[in-house]
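# Overview (structure and organization)
So you can see what is in the structure, the chains are spelled out below.
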Amino acid sequence: MMTSYEPLEQSFYEQPTLELAPRLLGCLLVHETPQGITSGYIVETEAYRGALDRAAHSFNNRRTKRTEIMFHEPGHIYTYTMHRQVLLNVVSAAAGTPEAVLIRALEPKDGIPLMETRRPDRKPRELTNGPGKLCQAMGIEQIAHYGGNFTKPPLYITSGYTPEQVETGPRIGIPNAQEAKDFPWRYWVHGNRYVSK
């Protein structure tokens, strides 16, 4: 299958989670499907640091059917469902260290009409300004994509642009994570209208 872009190489993902999360900002997430291609620039991410992080599914190295892929090499695709929405994560850290980066928001680039058919009657900025929204807009599915790799199609990440200014602050929606709720591990492109909050 011909790809529209050149996926980033495996070496890109082999950096510490707290460095990968902001480095993903400005990269282009691409999904090639029979219906067409959709893509968007990553404008918001959150880092989850596994055994150390009460907000992570893999806190205390919890290894379940759901978290299994988090223990694999960085660059794998970790999808899960929350409130009936699919969420997309980049597995990070070395194999055996279950960390990941949640992709929280995108700025649409390719396939906006296709995104609009998947998320009808939404304002343009509401197509992809949240982790569940972007998966719906891009046709990303929990079972179909779980365990894939971002270095090859149909769902992959390629280079984009370098943001001029990156903001950082606490992650969203983890009120019961005790001290972890205050960790400044959310990153976003300053001033981008597609950032979730």
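Here, the structure is the one placed above.
Here's what I pulled together on the structure shown here. By convention here, each chain's residues receive numbers from 1 onward along its written sequence. Only residues with pLDDT of at least 70 get local features here, since the model is predicted, and only at 80 or more are side-chain atom pairs given and counted; chain-wide, interface and lining totals rely on the full set of residues. Calculation of side-chain values draws on the structure's entire complement of heavy atoms; hydrogens and water are dropped beforehand.

Turning next to the packing of aromatic side chains. In this scheme Phe, Tyr and Trp rings, the latter by its six-membered ring, pair at centre separations within 6.5 Å, and the angle between planes marks the pair as stacked below 30 degrees, edge-to-face above 60, and tilted otherwise. This structure, assessed with the given rule, holds five aromatic pairs. Relative to tyrosine 80, the ring of tyrosine 78 lies with its centre 5.3 Å away and its plane at 35°, an arrangement referred to as tilted. Pair check on accessibility: tyrosine 78 and tyrosine 80 agree, each one buried. Both rings, one in phenylalanine 183 and one in tryptophan 185, keep their centres 4.6 Å apart while their planes meet at 45°; by these two values the pair is tilted. Since its relative accessible area comes to 12%, tryptophan 185 is described here as buried. When a residue's accessible area, from a 1.4 Å probe over protein chains only, is under 20% of the maximum for its type it is buried; when over 50% it is exposed; and in between it is partly exposed.

Glancing now at the pairing of strand S2 (residues 36-48). Extensive coverage of S2 is indicated by the burial of eleven of its 13 residues. Strand pairing is assigned whenever DSSP identifies at least 2 bridges connecting the two strands. Secondary structure counts use DSSP, requiring at least four H or I residues in a row for a helix and at least two E residues in a row for a strand, with both numbered from the N terminus. Here strand S1 (residues 28-33) runs beside S2; their pairing, made up of six bridges, is antiparallel. Pairing of valine 30 across the sheet is with serine 39, part of S2. Hairpin geometry of S1 and S2 is characterised by an intervening segment of two residues between the two adjacent antiparallel strands. As judged from the three bridges shared by S2 and strand S8 (residues 186-189), these two strands associate in the antiparallel manner. Considered in S8, the bridge of glutamate 46 is made with arginine 186.

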